[in-house]
Amino acid sequence: MKIVTALAAIGMAVPATAFASCDFSPLDHELREADVVYVGTVVTATLVKPLGSSGQSRRVDIKLEVSPQITFKGDPRRIKGIETWNGYAPPVPKRWTKFAEIVPVEPGDTLLIVGKNDDMVAVDLCSASRRWELDVESAVNKVLGPTPRLFTDPEARPRKPEAGNPPPPKYSAGTKSGMR
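What comes next concerns the included structure. Since we're looking at a predicted model, the values are computed, not measured. (Residues numbered from 1 in each chain as written. Predicted model: local features only at pLDDT ≥ 70, side-chain atom pairs only at ≥ 80, totals over all residues. Heavy atoms only, no water.)

**Describing the pattern of salt bridges**
Moving on, step 1. Under the defined criterion, the tally for this structure stands at four salt bridges.
Moving on, step 2. For Asp118, the salt bridge identified is with Arg78, shortest N-O distance 2.8 Å. Residue Asp118 is located in the loop between β6 (110-115) and β7 (120-122), and its partner Arg78 is located in the loop between β3 (59-73) and β4 (81-87); the two are separated by 40 residues in the primary sequence.
Moving on, step 3. Residue classification places Asp118 among the partly exposed positions, given a relative accessible area of 49%.
Moving on, step 4. Judged by its relative accessible area of 35%, Arg78 is partly exposed.
Moving on, step 5. With a closest N to O distance of 3.1 Å, Arg131 and Asp109 form a salt bridge. (Salt bridge = Lys/Arg side-chain N within 4 Å of Asp/Glu carboxyl O. Helix = DSSP H or I, 4+ residues; strand = E, 2+ residues; numbered from the N terminus. Buried < 20%, exposed > 50% of the residue type's maximum accessible area, 1.4 Å probe, protein only.)

**Concerning the pairing of β6**
Moving on, step 1. A large share of β6 lies buried, amounting to five of its six residues.
Moving on, step 2. Bridge count for strand β2 (residues 36-47) against β6 is six bridges, and the pairing is antiparallel. For Val39, the partnering residue across the bridge sits in β6 and is Leu112.
Moving on, step 3. Relative to strand β8 (residues 130-131), β6 is paired through two bridges, and the arrangement is antiparallel. Across the sheet, Leu112 pairs through a bridge with Arg130, a residue of β8. (Pairing = 2+ DSSP bridges.)

Right under this line is the structure:
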C-alpha cells in the first residue's frame, strides 16, 4: 500500500502531458489546395480573452497580426484572421498541463501562412501554417517555384545614387569598417 501511495504522489507531482494526434496531409497537397500562401512576420500577438475568463480552461487563444513579406499565391488580405493558442497554468495549482501540439509564436517570428479565402488560419503543430525554416522553404519551392526575393519595404530597397550624391562606400575585408 505504501508503494502505491508513493507512486501516486510522484505521479501527481510530475506535470501531465497531452499528446497530439494529427491527421497530417502532406504540405505539397495543402499548398496546391490553398487560395493564399505567403510568408510574413508576426507583428503582434494578442489574447482573445483575458486569462482565467474561460473558467477552468488551460488553453488561451491568441490572435496574430502577420505582416506579409513574400506572396506565393493569392491575396494575403483575403485571410480572415490568424490564430494560435497556448497553455495557461495558474500559479496556484501544483499540477499543470503541457500541450505537445503548441507552436510558440511571438512578435518577430517569420511564418508560412497557408489558407483559404475568407477563412481563419491556425498556426499549430497540426496545420499547414508553420514557422518559415529552411526545410519548409525547400518544400514550398518544390510545389510553388523558387522563393521570390523581392523587397517589400521601400526603405530597404537598394537605390541608385541620386545626382550630386556619391554612392555609399564599398567595404573591403582589409580595412576597418570599410573606410580608407
